[in-house]
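# Architecture at a glance
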Amino acid sequence: MNLIKLLQERRDLIDKALNRILPKESAKPGKLHKAMRYSVFSGGKRIRPVLVIESCLCCGGAVNDAIDAACAIELVHTFSLIHDDLPGMDDDNYRRGKLACHRKFDEATAILAGDALLTLAFEVLARGRAPGAEIKLIRELAASIGSLGIAGGQYVDIEYTGRKKDAKILNYINEHKTGMLIKASLKMGALASGAASGRVKALETFGRYTGEAFQIVDDILDGGDSVKVFGKKDALNKARLLTSKANAALDIFKDKADELKTISDYLIKRRF
Ligand code: GRG
């Protein structure tokens with residue numbers, strides 16, 4: 001398997017679907033739609049939607065079964081990045097080397113662009129191509145991003161601004177702020193395929209470990225909290241251990257899980 005080619009193919013497919021789903025800039029209010037499109041198409045790696053698709057394929061589903069869930073996840077991810085950059089949160093001027101949405105446009109536009117992306121995600125799931133799975137998908141996404149999910153993780157992260165974090169707090173933040181959406185990506189891919197509960201559970205376990213490892217590597221790449229709390233060497237060892245646990249959870253799928261295992265290995269070796 002040529003992983004780089006596979007990732008590129010999946011990204012192209014996801015970008016085409018996102019382009020179809022997002023309102024055109026010509027639709028009123030044009031500036032709001034321009035801001036939504038600016039943030040969605042500003043160079044994201046599309047890791048989460050790729051995971052949705054691969055999880056669905058691993059369970060015997062088709063790409064088409066997963067594409068709406070994949071787009072919904074990316075819309076929520078983009079929403080969370082727009083809001084994360086706002087002055088009341090991380091107050092960042094740049095995202096992916098480009099002006100953050102509120103700097104390119106203005107704060108009100110960025111807040112509303114985020115809100116509109118979040119709500120669009122649920123609309124997409126509700127009109128999805130996974131008959132019978134819609135409610136399960138909507139429930140999974142909603143549960144992963146609320147106060148017991150990403151919003152909770154972000155809240156605690158902000159609460160600890162300027163304070164020393166210990167391993168317990170950091171694990172909580174990583175698991176919620178970053179891990180929850182990655183875990184949801186794997187679970188939603190499985191749900192979209194109509195997989196039985198044991199298989200869904202296995203992919204959820206893979207997603208939980210992979211999500212935690214992803215944030216640790218993110219911190220290693222930019223000198224973030226995991227490096228401060230664990231030290232660089234121990235942080236990398238932790239990410240490797242989490243990834244081997246993640247991959248072990250997929251043994252029941254035999255070679256059908258090869259792509260997912262290769263992706264999780266790649267995510268801890270990445271330099272981007
Ligand atoms: C979702 C209801 C709800 C609230 C969101 C603002 C907020 C509350 C949460 C912020 C969450 C956040 C910014 C987490 C960081 C996750 C992370 C590691 C992002 C980087 O992911 P990549 O590398 O990004 O996949 P690209 O740029 O490739 O898309």
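It should be noted that the structure appears before, not after, this text.
These lines cover the structure that appears in this document, whether it is placed above or below. A quick note: this is a predicted structure, and the numbers were derived from the prediction, not measured.

By the definition in use, this model includes one aromatic pair. Each ring, one from Y38 and one from F105, has its centre 5.6 Å from the other, and the planes form 75 degrees; the classification is edge-to-face. Linking Y38 in helix α2 (residues 30-40) with F105 in the loop between α5 (101-104) and α6 (107-126), this pair joins segments that are 67 residues apart in sequence. A single burial state applies to Y38 and to F105, both of which are buried. The positively charged end of R163 is found above the aromatic ring belonging to Y160, 4.1 Å away from the centroid.

With that settled, the discussion passes to the site of the ligand. The ligand sits among 18 residues. The nearest are K45, R48, H77, R96 and I145. Take K45: an N or O atom from its side chain is 2.6 Å from an oxygen atom of the ligand. Note that an oxygen atom of the ligand is positioned 2.7 Å from one of the side-chain N or O atoms of R96. When the ligand sits alone it has 760 Å² of accessible area, and the protein chains cover 89% of it. At the level of elements, α4 (63-84), α8 (150-159), α9 (167-192) and α10 (197-222) are the ones that each hand at least two residues to the shell around the ligand. At six residues, α4 tops the list of elements feeding residues into the shell around the ligand. Considering only residue class, the shell around the ligand consists of five nonpolar, seven polar and six charged.

What counts and what doesn't
Residues numbered from 1 in each chain as written. Predicted model: local features only at pLDDT ≥ 70, side-chain atom pairs only at ≥ 80, totals over all residues. Heavy atoms only, no water. Phe/Tyr/Trp six-rings, centres within 6.5 Å; stacked < 30°, edge-to-face > 60°. Helix = DSSP H or I, 4+ residues; strand = E, 2+ residues; numbered from the N terminus. Buried < 20%, exposed > 50% of the residue type's maximum accessible area, 1.4 Å probe, protein only. Lys NZ or Arg CZ within 6 Å of the ring centre and 35° of its normal. Near = heavy atom within 4 Å. Polar contact = N/O pair within 3.5 Å; in protein donor to acceptor, adjacent residues only side chain to side chain. Areas by Shrake-Rupley, 256 points an atom, 1.4 Å probe, with all protein chains shown as cover. Nonpolar A, V, L, I, M, F, W, Y, C, P; charged D, E, K, R; others polar.

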